[in-house]
Amino acid sequence: MVQRSLVIAVAPLVVALLLLFYAPNIALVYYSFYDRVRGVFTIDFYLDVITNTVYLNVILYSLSIAVTTVLATLALTLPVAAYIALYSRGFERILLLVIFTTPFWIDFLLRAWALKSLLYMVGVREGFLALMVGMVYDYIPFTLLPVYASLARMPPHIVDVARTLGAGSLDIWTRIIIPYAVPGVLVGSALVLLMSFTELVIPSLLGGVRGFTVGPLIYTLILAGDDWGRGAALAIVITVLSVLSIVLAYRRFKGWLL
Amino acid sequence: MSSKQLLRVYTYVIALLLYIPIAFMVISSFNSSPYIGVWEGFTTYWYQLLLRDSEAHIALVNSLTIAIVSSTLSVSTALLAALQVRGRRLTAVDALVYPPIVMPEVAEAVALFLAFTYLGVEKGWLTVMLGHTAFNLAFAYVTLTVSRVRFEELEDAARTLGAGRLQTFKDIILPLAMPGIVAALAITFLLSFTNFIKTLFTTGPGFYTLPILIWNRARRPGISEFASQNALNALATLVTLTALSIAVAYTAYMLRKAGR
């Protein structure tokens, strides 16, 4: 039986979440079905979003950018995570963790802005390259930390033991480090995929004409175009896509995670 | 070079790369030339310009008041729950708390925009603050339930030794819950202070926070001297330093607690 004091203590949190998060989502669903011009309920907005090739292309383009971001950040951060987890000790480990977590505290907008002037100076203008550099730059900490957290759980000296027993570098990476990194890799990939897929700031500031991904598309539909129906339907479609990909990844790799 | 040394060099190179753009921004904000990458000497001109920049002052006040109110509201609401939940996993509450963290921010922002529009609320300080509080509640609750906030053995000992309910709360429960509270306050304050996307969708004409001001100026550089490259670098540097000093203070606090 649930205690009464517990219910009373949890109630304000639950009510606030219902009012501030769940009620607005009802409005989102409502407007995705409601045609303001004709005053009728319709599924046309959804049909439009999933059949119109313009929207579909933007979604696929955003997905491909997100997947590239995931793969690039993983490739770049796996060696860093391995170094921190396997070789750094005491003060050096704390220092490195502080160095790699601090960017978390600086907002994407500021980091993207800082990167923009630097890229401009070295001759990289707004476009696909600047967009990808911006994505990778901003998401590195989000992949690094989960991967580090999994590697830190490796039994101490396992690498030394393997080496003593005759394992080569390749064996150590493919049979010890990477298997231990898998849960963190999955968590980090899911996180980065989810966030980079719907990113708004980096494509807008760094992407130029190549920066028209789903984030800017929703921004244009809702705030610039006043097209609430399509904007709401698109927001729901990308939410469903994001959540589905997480659930599928979780189901598929559940055995690895446990 | 051994593989360990190789990994070490690589790690520090990546660490350096993470900070080069920020360092470049800070250095540029002291450059007397208005052109990017042309160093003409040291100046504090862009910072003096900020002193006369009334839009930046308004934005700063808005950002600060919203972050303070939103983090206080969300942490106290979440703390009330977390103190009674005591580290148990309440599936029903978890099921309500995680969606705000998982949902794409831009979709959540659209939802807030449509809800406020439907209600006919004038968009401004209140709508932005409530929008920030929606996800801050979730982050505060998760932070407070992940860190241990209750130590029942010590509370029982205090009660046995004659402490009343109030004294137990003041002298035992609150001090022991402090690391979790500080963490939750730091995280929610910064999430709100630097938030851009939700603010963009919940703000009305004429109301802006620092990130919104930086965004507006970054997209139309040069419409006024306040929006010139290095003036913007100076403003961005100050916001970054604010965030960094909170991060450093927070890390130092946590390390000291862990060291005990």
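Peer 1: Tell me about the overall build of chain A, and please be specific about residues and values.
Peer 2: Counting secondary structure elements, chain A contains eleven helices and two strands. Counting helices and strands in the order they occur from the N terminus, chain A gives α-β-β-α-α-α-α-α-α-α-α-α-α. When the backbone C-alpha atoms are referred to their principal axes, chain A occupies close to 75 × 65 × 30 Å. Burial statistics for chain A: of 258 residues in total, 45% are counted as buried.

Peer 1: Describe the confidence of the model for chain A, naming the residues involved and giving the relevant values.
Peer 2: Across chain A, pLDDT averages 87, with 95% of residues at or above 70. Taken element by element, the predicted model of chain A shows its lowest mean pLDDT in helix H11 (residues 228–257) of chain A (78) and its highest in helix H3 (residues 53–86) of chain A (93).

Peer 1: Which residues make up the packing of helix H1 (residues 4–33) of chain A against helix H6 (residues 125–146) of chain B, and what are the values?
Peer 2: As a packed pair, H1(A) and H6(B) sit with axes 9 Å apart at the nearest point and diverge in direction by 140°. What the angle tells us is that H1(A) and H6(B) run oblique. The hand of the H1(A)/H6(B) crossing is left-handed. Together, A:Leu13, A:Ala16, A:Leu17, A:Leu20 and A:Phe21 of H1(A) and B:Leu130, B:Thr133, B:Ala134, B:Leu137 and B:Tyr141 of H6(B) make up the contact between the two elements. Within the contact of H1(A) with H6(B), the residues separate by chemical class into nine nonpolar, one polar and no charged.

Peer 1: Before we move on, could you go through the interface of chain B and chain A and cite the residues and values that matter?
Peer 2: Taken together, the contact between chain B and chain A spans 65 residues of the former and 62 residues of the latter. Secondary structure elements with two or more residues in the side of chain B that touches chain A: helix H1 (3–28), helix H3 (54–85), helix H4 (91–102), helix H5 (105–119), H6, helix H9 (197–202), helix H10 (210–219) and helix H11 (229–259) of chain B. Residue composition of the side of chain B that touches chain A, grouped by class: 50 nonpolar, twelve polar and three charged.

Peer 1: Describe the confidence of the model for chain B, listing the residues and the values that go with them.
Peer 2: Per-residue confidence for chain B averages 87 on the pLDDT scale, and 97% of its residues sit at or above 70. The ipTM, which scores confidence in the relative placement of chains, is 0.84 for this predicted complex, and the corresponding pTM is 0.85.

Peer 1: With reference to specific residues and values, describe the nonpolar core.
Peer 2: If you look at the biggest cluster of nonpolar residues, it comprises 148 residues, and the most contacted ones within it are A:Ala81, B:Ala78 and B:Val110. Take this core: its biggest share by element is 14 residues, from H3(A). The two domains that each donate at least three residues to this core are domain 1 (1–42) and domain 2 (43–257) of chain A. Beyond its immediate stretch of four places on either side in the chain, B:Ala78 contacts A:Leu13, B:Leu137, B:Ala140, B:Tyr141, B:Leu144 and B:Ala184.

Peer 1: Could you give an account of the domain arrangement of chain A, with specific residues and numbers?
Peer 2: Residues and elements named next belong to chain A. Here the domain parsing of chain A yields domain 1 (1–42) and domain 2 (43–257). A straight line from the C-alpha centre of domain 1 to that of domain 2 covers 30 Å. Taken together, the contact between domain 1 and domain 2 spans nine residues of the former and nine residues of the latter. Mapped by element, the contributors of at least two residues to the side of domain 1 that touches domain 2 are H1 and strand E1 (34–35). Here the side of domain 1 that touches domain 2 is composed, by residue class, of five nonpolar, two polar and two charged.

Peer 1: Describe the environment of B:Pro104, naming the residues involved and giving the relevant values.
Peer 2: Residue placement: B:Pro104 occurs in the loop between H4 and H5. Separated by 14 residues in sequence, B:Pro104 and B:Leu90 have C-alpha atoms that sit 24 Å apart. Setting aside its immediate chain neighbours within four residues, B:Pro104 contacts A:Leu194, A:Thr198, A:Ile238, A:Thr239 and A:Ser242.

Cut-off values and rules
Counting restarts for each chain, with residues numbered from 1 along the sequence as it is written. Chain labels run from A onward and ligand labels from 1 onward, assigned in the order the entries are written. Residues qualify for local features only when their pLDDT is at least 70, as the model is predicted, and side-chain atom pairs are given and counted only at 80 or more; totals for whole chains, interfaces and linings, by contrast, use all residues. Each helix is a run of DSSP H or I of at least 4 residues and each strand a run of E of at least 2, with the numbering of both proceeding from the N terminus. Remark: C-beta atoms are placed from the backbone, and a residue is labelled buried if 20 or more other C-beta atoms sit within 10 Å of its own, exposed if 12 or fewer do, or partly exposed between those counts. As a per-residue quantity, pLDDT reports the predictor's confidence and falls between 0 and 100. For helices, the fitted axis covers only the stretch in contact; all axes are lines through C-alpha atoms, and the angles between them, taken along N-to-C directions, range from 0 to 180 degrees. Angle categories are assigned with fixed cut-offs, so that under 35 degrees is roughly parallel, over 145 is roughly antiparallel, 65 to 115 is roughly perpendicular, and the rest are oblique. The hand of a helix crossing depends on one turn: near helix anticlockwise from the far one by less than a right angle means left-handed, and clockwise means right-handed. Contact between residues is assigned whenever the C-beta positions, reconstructed from backbone atoms, fall within 7 Å. Just so you know the grouping, Ala, Val, Leu, Ile, Met, Phe, Trp, Tyr, Cys and Pro go in nonpolar, Asp, Glu, Lys and Arg go in charged, and all remaining residues, Gly too, go in polar. When buried Ala, Val, Leu, Ile, Met, Phe, Trp, Tyr and Cys residues are joined through C-beta atoms within 7 Å, the set is termed a nonpolar core. The domain limits used here are those given by an automatic or database domain assignment.

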